[in-house]
Amino acid sequence: MVQINKVILEIRAGAGGDEAAIFAGDLARMYQRFAEKKGWSFQRLEESAGTKTFKARISGEGTYDAFKLEGGVHRVQRIPETEKQGRVHTSTATVAVLPEVEANEVVIPDSDIEWSFSRAGGPGGQNVNKLETAVRLTHKPTGLVVACRAERSQLANRETAMSMLRAQLYELEQAKAVGDVDAQRRVMVGTGDRSEKIRTYNYPQDRITDHRFGAKVHDIESVMGGSFDKILKGIRKAQDKKKK
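A word on the overall build of the protein chain
Summing up its helical and strand segments, the protein chain has seven helices and 11 strands in all. Buried residues in the protein chain amount to 47% of all 244 residues. Sequence-distant contacts, at least 24 apart, represent 58% of the contacts inside the protein chain between residues at least 6 apart. Counting every atom, the protein chain has about 13,000 Å² of accessible surface; 47% of that belongs to carbon and sulfur.

Re the environment of Thr 200
Relative to the helices and strands, Thr 200 is located in strand E9 (residues 199-202). A sequence separation of 16 residues divides Thr 200 from Lys 216, and the C-alpha atoms of the two residues are 9.6 Å apart. Every residue in contact with Thr 200, bar those within four places of it in the chain, is listed here: Arg 75, Gln 77, Arg 207, Ile 208, Thr 209 and His 211. A polar contact is formed between the side chain of Thr 200 and the side chain of His 211, at a distance of 2.7 Å.

Considerations on the layout of surface pockets
Each pocket or cavity is described by its volume, and for the second largest pocket that value is around 260 Å³. Around the second largest pocket, the lining residues are Arg 44, Leu 45, Glu 46, Glu 47, Ser 118, Ala 134, Val 135, Arg 136, Ala 147, Cys 148, Arg 149 and Ala 150. Looking at the lining of the second largest pocket, the elements with two or more residues in it are strand E2 (41-47), strand E7 (134-139) and strand E8 (144-148). The element that contributes the greatest number of residues to the lining of the second largest pocket is E2, accounting for four residues. Considering only residue class, the lining of the second largest pocket consists of six nonpolar, one polar and five charged.

A short note on the sheet that holds strand E6 (residues 113-118)
Read across the sheet, three strands follow the order E6-E7-E8 without closing on themselves; strand pairing throughout is antiparallel. At either end of the open sheet lies a strand with only one pairing partner, and these are E6 and E8. On average, each strand axis in the sheet is tilted by 15° relative to the strand beside it, whichever way the strands run. When E7 meets E8, the two strands line up antiparallel, connected through five bridges. In the sheet register, Arg 136 faces E8, and the bridge partner there is Ala 147.

Observations concerning empty space enclosed by the protein
One pass over the full model with this rule turns up one cavity of 30 Å³ or more. By volume, the largest cavity is sized at about 30 Å³. Taken together, Arg 199, Ile 208, Thr 209, Asp 210, Ala 215, Lys 216, Val 217, Ile 231 and Ile 235 make up the lining of the largest cavity. Looking at the lining of the largest cavity, the elements with two or more residues in it are strand E10 (207-210), strand E11 (215-218) and helix H7 (229-243).

With respect to the packing of aromatic side chains
Summed over all chains, the structure comprises 10 aromatic pairs. Considering the side-chain rings of Phe 23 and Tyr 201, the 5.4 Å spacing of their centres and the 70° angle between planes classify their relative orientation as edge-to-face. Residue Phe 23 is located in helix H1 (residues 18-38), and its partner Tyr 201 is located in strand E9; the two are separated by 178 residues in the primary sequence. Taking the relative accessible area as the measure of exposure, Phe 23 reaches 0% and is therefore buried. Sitting over the ring of Tyr 203, Arg 78 keeps its end group 5.1 Å from the ring centre.

Regarding the pattern of salt bridges
Applying the stated criterion across every chain, the model contains 12 salt bridges. Here Arg 78 makes a salt bridge to Asp 26, at a shortest N to O gap of 2.9 Å. Taken together, the residues span a long stretch of sequence, with Arg 78 in strand E4 (residues 72-78) and Asp 26 in helix H1 at a distance of 52 residues. Overall, Arg 78 belongs to the buried group, its relative accessible area being 10%. Between Glu 46 and Lys 55 there is a salt bridge whose closest N-O contact spans 3.9 Å. Using a relative accessible area of 7% as the deciding quantity, one classes Lys 55 as buried. Several salt bridges converge on common partners, so that one network encompasses Glu 19, Asp 26, Arg 29 and Arg 78.

Brief notes about the environment of Ser 222
Take Ser 222: it is sitting in helix H6 (residues 220-224). Note on Ser 222: relative accessible area 21%, which makes it partly exposed. If we ignore the near neighbours within four places in the chain, the residues touching Ser 222 are Ser 227 and Lys 230.

Definitions and limits used
- Residues numbered from 1 in each chain as written.
- Predicted model: local features only at pLDDT ≥ 70, side-chain atom pairs only at ≥ 80, totals over all residues.
- Heavy atoms only, no water.
- Helix = DSSP H or I, 4+ residues; strand = E, 2+ residues; numbered from the N terminus.
- Buried < 20%, exposed > 50% of the residue type's maximum accessible area, 1.4 Å probe, protein only.
- Contact = heavy atoms within 4.5 Å.
- Areas by Shrake-Rupley, 256 points an atom, 1.4 Å probe, with all protein chains shown as cover.
- Polar contact = N/O pair within 3.5 Å; in protein donor to acceptor, adjacent residues only side chain to side chain.
- 1 Å grid on protein atoms, 1.4 Å probe; cavity = no way out; pocket = protein on both sides within 12 Å on 5 of 7 lines; lining within 4 Å.
- Points joined across faces, edges and corners; volume = space filled by probe spheres on them.
- Nonpolar A, V, L, I, M, F, W, Y, C, P; charged D, E, K, R; others polar.
- Pairing = 2+ DSSP bridges.
- Axes fitted to C-alpha atoms, helices over the stretch in contact; angles between N-to-C directions.
- Phe/Tyr/Trp six-rings, centres within 6.5 Å; stacked < 30°, edge-to-face > 60°.
- Lys NZ or Arg CZ within 6 Å of the ring centre and 35° of its normal.
- Salt bridge = Lys/Arg side-chain N within 4 Å of Asp/Glu carboxyl O.

Bear in mind that shape data such as this cannot, by itself, settle questions of function.
Right, here's the structure in full:
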């Protein structure tokens with residue numbers, strides 16, 4: 001089996017309003033800091049205002065193995081900074097992890113792609129704002145839409161958008177092998193509802209629980225600061241116990 005060392009990470013705010021968006025941003029920073037500690041490349045591809053949607057590419061040996069279990073609904077229980085009465089709120093964010101594959105593994109005919117271009121607003125210098133560097137593509141056979149404005153040139157954004165599309169098409173092909181595509185994606189990320197979760201980050205009890213494996217770890221601040229490997233070790237330990 002070919003080792004996959006690049007992944008596309010997608011995080012979206014779920015139930016919980018502004019607090020869900022803040023939590024989505026917290027997850028993005030946790031993964032980024034962990035990647036930096038491992039010496040991996042972490043490239044932001046898309047980030048909406050308030051971190052309601054976040055996409056990044058993570059590259060480095062062992063990235064897919066580290067992130068492959070992150071897909072699903074992540075739930076946080078804590079007192080938001082905006083909460084005046086000290087009540088604990090429950091919010092969610094969904095995470096999807098797509099393996100990024102080489103171009104020869106997913107062949108996409110040029111005739112299947114419809115492109116559009118626009119100026120990329122926001123930071124990045126005058127070149128970004130004056131030239132049509134932002135790209136948006138539509139994969140006509142599936143209706144998938146990918147946009148990218150993170151790079152400084154249109155060519156670089158086109159290449160990144162195609163990589164993101166290949167990752168999504170690869171996921172679709174893998175899902176077809178075991179069943180309906182839409183059903184598989186719903187299984188992975190759910191609807192974002194509070195009742196659907198793979199993991200809970202309980203701040204009052206300083207505990208993170210992975211509900212699939214029964215793994216529990218403490219010291220949330222450390223984990224969210226980039227010590228994500230504590231969760232991975234907790235999962236491996238719980239898996240080993242079940243095997244015995």
